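Summary of structural features
Below, each chain spelled out in residue letters.
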Amino acid sequence: MFGSIQLEDLQEYQHYFTEYSFARKEVVFYPDKYNQFILLVLEGRIRVYLSYPMGKEFTLTILNPGDVYSGHTRTFGQAMEPVKVLAIPMNVFKDMLKKIPNLVFGLAAVLGDALKGSMDVIERLVFEEARVRLTSLLIDWAREHGVSTREGIVIKLDLTREEIASIIGSTRQTLANLFKDLTSQGFLEIQHKNILIKDIQGLKNYQALVREK
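Nothing here was measured: the structure is a model prediction, and the numbers come from that model. (Residues numbered from 1 in each chain as written. Predicted model: local features only at pLDDT ≥ 70, side-chain atom pairs only at ≥ 80, totals over all residues. Heavy atoms only, no water.)

1. Description of the overall build of the chain
Helix and strand counts for the chain stand at seven helices and twelve strands. In the chain, buried positions account for 42% of the 213 residues. Summarising the internal contacts of the chain: among those between residues at least 6 apart in sequence, 69% fall at separations of at least 24. As displayed, the chain has an accessible area near 12,100 Å², and 54% of this comes from carbon and sulfur atoms. (Helix = DSSP H or I, 4+ residues; strand = E, 2+ residues; numbered from the N terminus. Buried < 20%, exposed > 50% of the residue type's maximum accessible area, 1.4 Å probe, protein only. Contact = heavy atoms within 4.5 Å. Areas by Shrake-Rupley, 256 points an atom, 1.4 Å probe, with all protein chains shown as cover.)

Here is the structure:
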């Protein structure tokens, strides 16, 4: 977001910024914790989720370095790895937007990416069955974070089975059955802390066939 901003333009606001660090699995934010602040992710990834009675959770999105989050929502955020965030008072941030025009363009790009991610989640939940939601998620992860190897595309698995299930709006048992089916068909292999997609094109073709049914 600050990529096109000159450092001297930010100097007068520097003393308003507060940096916080969080360990893996630690709760970064919860409703009303930062309700008058804007958060900027400096390092690490944060799982943003809604929490319901009886311990049920629904994951909305993953925040990455450079992403912006407004603290006035009713969501929770959990560090998926060591995390550093920068907290900026809302009134200071508004003043920055007025005085540093280029900041608006950076913010628009970041929020546009965030909105696209949210719309993708909503669209999958409304229009697609769990099997398609899972394959879509795996294909997205392979494109965005996957590492190509001789065996296939390796995706580092930072989420628990419950967290993955919450992303696709399903249960852990349903997720286990879906993984078992995709594994038996030779599309992927579940490793200790990774998912190996052995046949990404086959997975895409399979997804297309399921959608047509």
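2. Quick look at the nonpolar core
The nonpolar side chains of soluble globular proteins are, as a tendency, buried together. Among the nonpolar cores identified, the biggest contains 28 residues, and Leu134, Leu138, Trp141, Ile164, Leu182, Ile195 and Ile197 are the most heavily contacted of them. For this core, the secondary structure elements donating two or more residues are helix H4 (130–145), strand E10 (153–156), helix H5 (161–167), helix H6 (172–184), strand E12 (194–197) and helix H7 (200–212). Broken down by element, the residue count for this core peaks at eight residues, all from H4. Discounting residues that sit within four places of it in the chain, Leu182 has contacts with Leu134, Thr135, Leu138, Phe187, Leu188, Leu203 and Tyr206. Grouped together as the second largest cluster of nonpolar side chains are 14 residues, Phe22, Tyr69, Val85 and Ala87 included. (Core = buried A, V, L, I, M, F, W, Y, C linked by side-chain atoms within 4.5 Å.)

3. Considering the sheet that holds strand E11 (residues 188–190)
A sheet is described by the order of its strands in space; here four strands give the open sequence E9-E10-E12-E11, paired in antiparallel fashion. Either end of the sheet is taken by a strand with one partner, and the two such strands are strand E9 (147–148) and E11. In this structure, E11 lies alongside E12, joined through three bridges in antiparallel fashion. Across the sheet, the residue bridging to Ile190 is Ile195, located in E12. Against the sheet, H4 contacts E9, E10, E11 and E12, and its axis sits at roughly 95 degrees relative to E10. (Pairing = 2+ DSSP bridges. Axes fitted to C-alpha atoms, helices over the stretch in contact; angles between N-to-C directions.)

4. Things to note about the environment of Ile155
When you line up the elements, Ile155 lands in strand E10. Residue classification places Ile155 among the buried residues on the basis of a relative accessible area of 2%. Here the alpha-carbon distance between Ile155 and Ala142, two residues 13 residues apart in the chain, equals 6.3 Å. Each residue touching Ile155, except ones within four places of it in the same chain, is listed here: Leu138, Trp141, Ala142, Lys193, Asn194, Ile195 and Ile197.

5. Thoughts on the side chain of Thr75
Locating Thr75 in the fold gives a position in the loop between strand E6 (68–70) and strand E7 (76–79). Residue Thr75 is classed as buried on the basis of its relative accessible area, which comes to 7%. A polar contact is formed between the side chain of Thr75 and the side chain of Tyr69, at a distance of 2.4 Å. The contacts of Thr75, once residues within four sequence positions are left out, are Phe29, Tyr30, Pro31, Val48, Tyr49, Leu50, Leu60 and Tyr69. (Polar contact = N/O pair within 3.5 Å; in protein donor to acceptor, adjacent residues only side chain to side chain.)

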